[in-house]
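Read off the chains here:
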Amino acid sequence: MSPLTLRDIRARAVIAPLARPIRTASGAIEASPLVLLDVLTEEGITGRAYLFAYTPLMLKPLMALVAQVTPVLKGQPVVPLALQQRLERTFRLLGLQGLLGMLVSSLDMAFWDALGQVAGQPVVRLLGGEPRPVRAYDSWGLIDPARDAAALEASVAQGFTAIKFKLGGGSLAHDLATVSAVRTIVGEGVALMVDYNQSLEPVEAVRRVRALEAFGLEWVEEPVAAEDLAGHARVRAATTVPIQTGENWWFPRAAEQALSAGACDRMMPDLMKIGGITGWLSVMGLARAASMPVSSHLFIEASAHVLAVTPTCDWLEFMDFGAPVLQEPCVPVNGAVTARGPGLGMAWNEDVVARCLVA
């Protein structure tokens, strides 16, 4: 495989329309605020990744951050581990979290994409695996069973064997009624997961999760604040429903701390926060040693590659924030997603990008 040298990094901020806006206990995401990253090399290969900003308010700061970080990387060989270590040393006193951690992780995905492209192979093959179907669940926001019944039925008809939706926007009685109604709509053969998005205190979380035990849920996700490892461990010890967390862990060290605290039964690292593909590889080793099932959070395209080589692979979350700006959006087949290539298998739809650009 020919070596690559990083020439420049191009970043573009877009706000892309969502086919299904996401409502959570913390607010609604009506459109997808993204930073599109193009890692340009001297050899003419371009590595791509997108960064999900959560709110449009963060687009300008992220763009400014890209401009500041780029000179640190120019002229360097595209070696993901070495580049991540270089950034870790550069920002040791600051630490890698927040916007900087998101950028470092997203650049790592773009570096791997470039390596896959120059090799003419999907990234999963560079990781020692091969493309294979990874079971996916359809991921929803807050649900109104009456309004959303037809769409939920369509998810099942599309082949999804699991559906996740968010709670925390109302009372316990509302939670129970919602779960019961969704179960009636999708049937007994579909696994259900619920996500509280950190909206509860530990005592209330125990009360609600205990009340949900009768529904045989696949998991309850982030019932308390993500950083409250003791609170998660408390809920886990007092209930029988598996506790899922991990989307807000910053780099592999946070995963180790959560495992040591007994904070979860299952984990779902976020590629944009865990250190990209390079960080994921460390975390999947921790998970294997702990016999911990690993699911993904967002970033469908790259997640299909890393989950395919994760020994304790569990579920891929299908919540598609990148689809509007891709030439060929990822489409599940029989409720599963298979990694594409070369690289991560992504190319921008430049006509859509041009319409969605923000200053």
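Residues numbered from 1 in each chain as written. Predicted model: local features only at pLDDT ≥ 70, side-chain atom pairs only at ≥ 80, totals over all residues. Heavy atoms only, no water.

So, about the overall build of the protein. Within the protein one finds 12 helices and 11 strands. In terms of C-alpha radius of gyration, the protein reaches 20 Å, essentially the compact-globule figure of 21 Å for 359 residues. Taking the principal axes of the C-alpha coordinates as reference, the protein spans close to 60 × 40 × 40 Å. For the protein, contacts bridging at least 24 residues in sequence account for 70% of all contacts bridging at least 6. Accessible area for the protein stands at about 14,000 Å²; split by element, carbon and sulfur atoms hold 54% of it. Measuring between centres, the 29 positive side-chain charges of the protein sit 3 Å from its 35 negative side-chain charges. (Helix = DSSP H or I, 4+ residues; strand = E, 2+ residues; numbered from the N terminus. Rg over C-alpha atoms; globule rule 2.2 N^0.38 Å. Contact = heavy atoms within 4.5 Å. Areas by Shrake-Rupley, 256 points an atom, 1.4 Å probe, with all protein chains shown as cover. Lys, Arg positive; Asp, Glu negative; His and termini not counted. Charge placed at Lys NZ, Arg CZ, Asp CG, Glu CD.)

In the numbering adopted here, UniProt assigns the feature "domain: Mandelate racemase/muconate lactonizing enzyme C-terminal" (unreviewed entry) to residues 145-242. The annotated region residues 145-242 carries 50% helix and 13% strand content, and the separation between its end C-alpha atoms amounts to 24 Å. (UniProt positions renumbered as here; feature names shortened; annotations may be inferred.)

The strand order β1-β2-β3 describes an open sheet built from three strands, whose pairing is antiparallel. Every interior strand has two partners, whereas the edge strands, β1 (6-24) and β3 (46-52), have only one. When the angles between neighbouring strand axes are averaged without regard to direction, this sheet yields 20 degrees. With 14 bridges joining them, β1 and strand β2 (residues 27-41) adopt antiparallel strand pairing. Bridged to I9 within β2 is V39. Helix-sheet contacts for helix α1 (residues 59-73) involve β1, β2 and β3, and the interaxial angle to β1 is about 155 degrees. The sheet strands contacting helix α3 (residues 98-119) are β1, β2 and β3, and the helix crosses β3 at an angle near 150 degrees. (Pairing = 2+ DSSP bridges. Axes fitted to C-alpha atoms, helices over the stretch in contact; angles between N-to-C directions.)

This paragraph deals with the pairing of β3. Burial analysis of β3 places six of its seven residues in the buried class, which makes it a mostly covered element. Both β2 and β3 contribute to a ladder of seven bridges, which runs antiparallel. Bridging across to β3, V39 finds its partner in G47. As consecutive antiparallel partners, β2 and β3 are separated by four residues, and within that stretch G44 has a phi angle of approximately 90 degrees, a positive value. (Buried < 20%, exposed > 50% of the residue type's maximum accessible area, 1.4 Å probe, protein only.)

Summed over all chains, the structure comprises zero disulfides. C330 takes part in no disulfide bond, and the closest cysteine sulfur to it belongs to C313, at a distance of 14 Å. Classification of C330 as buried rests on a relative accessible area of 7%. (Disulfide = S-S within 2.5 Å.)

Counting 91 residues, the largest nonpolar core has V69, L73, L107, I277 and V325 as its most contacted members. Among the elements that line this core, the one with the most residues is α3, at 11 residues. Of all hydrophobic cores here, the second largest spans 24 residues; its members include L152, F165, Y196 and V224. (Core = buried A, V, L, I, M, F, W, Y, C linked by side-chain atoms within 4.5 Å.)

Tracing the chain through its elements places E221 in strand β7 (residues 219-221). A polar atom in the side chain of E221 sits 3.2 Å from the side chain of W219. With residues near it in sequence (within four places) discarded, E221 still touches Y137, K164, V194, D195, Y196, N197, Q244, E247 and M268. (Polar contact = N/O pair within 3.5 Å; in protein donor to acceptor, adjacent residues only side chain to side chain.)

The next subject is unusual backbone geometry. With an omega dihedral of 0 degrees, the bond running from G341 to P342 counts as a cis peptide bond. Looking at the element boundaries, P342 is found in the loop between β11 (336-337) and α12 (350-356).

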